[in-house]
Amino acid sequence: MPRQHQGILGQVKAHGVARVISKRGFCSRSVAENLVREGRVSLRGKIVCDPDTPAYKNDEIAVDGKPVEAAQKFYFAMNKPRGIVTTASDEKGRKTVMGLFREQYAKLFPGKSVPHISPVGRLDTASEGLLLFTNDTQWADALLDPREPSKHIKIYRVQVAGKPSAADLAKMEAGFNVPPRVFGESEEFMHAERAVLHSEGEKNCWLEITLSEGKNREIRRMLAHLGYEVMRLVRIQFDKYTLGDLKPGEIRPLILR
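Quick caveat: nothing in here was measured; it's all calculated off a predicted structure.

Here the protein chain averages 89 in pLDDT, while 94% of its residues score no lower than 70. The low-confidence segment residues 1–11 (pLDDT under 50) makes 14 contacts with residues lying over four places distant or belonging to another chain.

As a further point, take the packing of aromatic side chains. Applying the stated criterion across every chain, the model contains eight aromatic pairs. An angle of 25° between the planes, with centres 6.0 Å apart, marks the rings of F101 and Y105 as stacked. Of this pair, F101 and Y105 both sit in helix α3 (residues 97–108), four residues apart, roughly one helical turn. With relative accessibility at 0%, the residue F101 sits in the buried group. Plain terms: the ring middles of W139 and Y241 are 5.9 Å apart, the flat faces sit at 70° to each other, and that makes the pair edge-to-face. One end of the pair, W139, is in helix α4 (residues 137–143); the other, Y241, is in strand β16 (residues 241–242), and 102 residues separate them in sequence. For W139, a relative accessible area of 14% puts it in the buried group.

All right, on to the pattern of salt bridges then. Pairs may arise between side chains of opposite charge once their charged atoms sit close together. Applying the stated criterion across every chain, the model contains 13 salt bridges. Among the salt bridges present, the one from E38 reaches R40, with a minimum N-O distance of 3.2 Å. Note that E208 is salt-bridged to R194, the shortest N-O span being 3.4 Å. On the criterion of sequence distance, the pair formed by E208 in strand β14 (residues 204–211) and R194 in strand β13 (residues 194–200) is long-range, its members being 14 residues apart. On the basis of relative accessibility, which here comes to 14%, the residue E208 falls in the buried class. On the accessibility criterion, R194 (39% relative accessible area) is partly exposed.

Bringing the sheet that holds strand β6 (residues 66–67) into the picture now. Within the open sheet, the four strands sit side by side as β3-β2-β5-β6. Their pairing is antiparallel. A single partner strand is all that each edge strand has here, and the edge strands are β3 (46–48) and β6. Where strand β2 (residues 41–43) lies against strand β5 (residues 61–63), three bridges are found, and the strand directions are antiparallel. Across the sheet, residue V41 finds its bridge partner in β5, namely V63.

With that settled, the discussion passes to helix α5 (residues 166–174). Among all positions of α5, only D168, L169 and M172 are buried. Angularly, the buried residues of α5 cover 100° about the axis, an arc narrow enough to put them on a single face. Of the residues in α5, the exposed ones pointing more than 90 degrees away from the buried face are A166 and A174. In this fold, the buried residues of α5 make contact with β11 (176–178), β13, β14 and α6 (218–225). Positive phi shows up at G175, right after α5, with a value of about 95°.

Cut-offs applied
- Residues numbered from 1 in each chain as written.
- Predicted model: local features only at pLDDT ≥ 70, side-chain atom pairs only at ≥ 80, totals over all residues.
- Heavy atoms only, no water.
- pLDDT = per-residue confidence, 0-100.
- Contact = heavy atoms within 4.5 Å.
- Phe/Tyr/Trp six-rings, centres within 6.5 Å; stacked < 30°, edge-to-face > 60°.
- Helix = DSSP H or I, 4+ residues; strand = E, 2+ residues; numbered from the N terminus.
- Buried < 20%, exposed > 50% of the residue type's maximum accessible area, 1.4 Å probe, protein only.
- Salt bridge = Lys/Arg side-chain N within 4 Å of Asp/Glu carboxyl O.
- Pairing = 2+ DSSP bridges.
- Arc of directions from axis to C-beta.

In structure tokens:
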């Protein structure tokens, strides 16, 4: 039996053909779905029109008659500036991390085509700091795996107005219920793995906060519940990868550890 068809026996898991194309780094999943619906994709030599048609990791897949091979894997870090949206496009016309990535890639590698790549997770528009990019969906999925959050910590430097007390920081580490962002939804339990004072001035201070989860606006919502306004929020570490001396808006190739 051909190797790519071993999934019939349960040895290899099948996925929709559009997802397999995306995982090979050819294009995004939504683009792949459109290509399939347009009749431009063949699977094992036959045109398919359903994006969910089962396909296997090593199947023969072509777009417009050209084989779709697994792409070279790319890994990058960006120092995301404040005000940049973590999306591929924005209906309000705001600058996006993907647009910024393309600009920076062209500077680093003049004349080379920009690889199909996506951010790993997201940072709020008002947040800054380390944002990872890759076309290796398996690597990205592992970093975002909700079943093992403690293995993929995220560390932030947070400037707040005033100075949270030691009791407030202890509350963040113990965790508490935070009101929902949308009326009618349930409260959410949130906590920090670590919340400590990093430095302080006369009217504000910097905290260093470590998270193991990725709930929406988690740090801002916890501090707001305790009565503190976040002035700046900068991610300095994600898993083993650190921001280092990367300047705002710049990218650098990532060395996997």
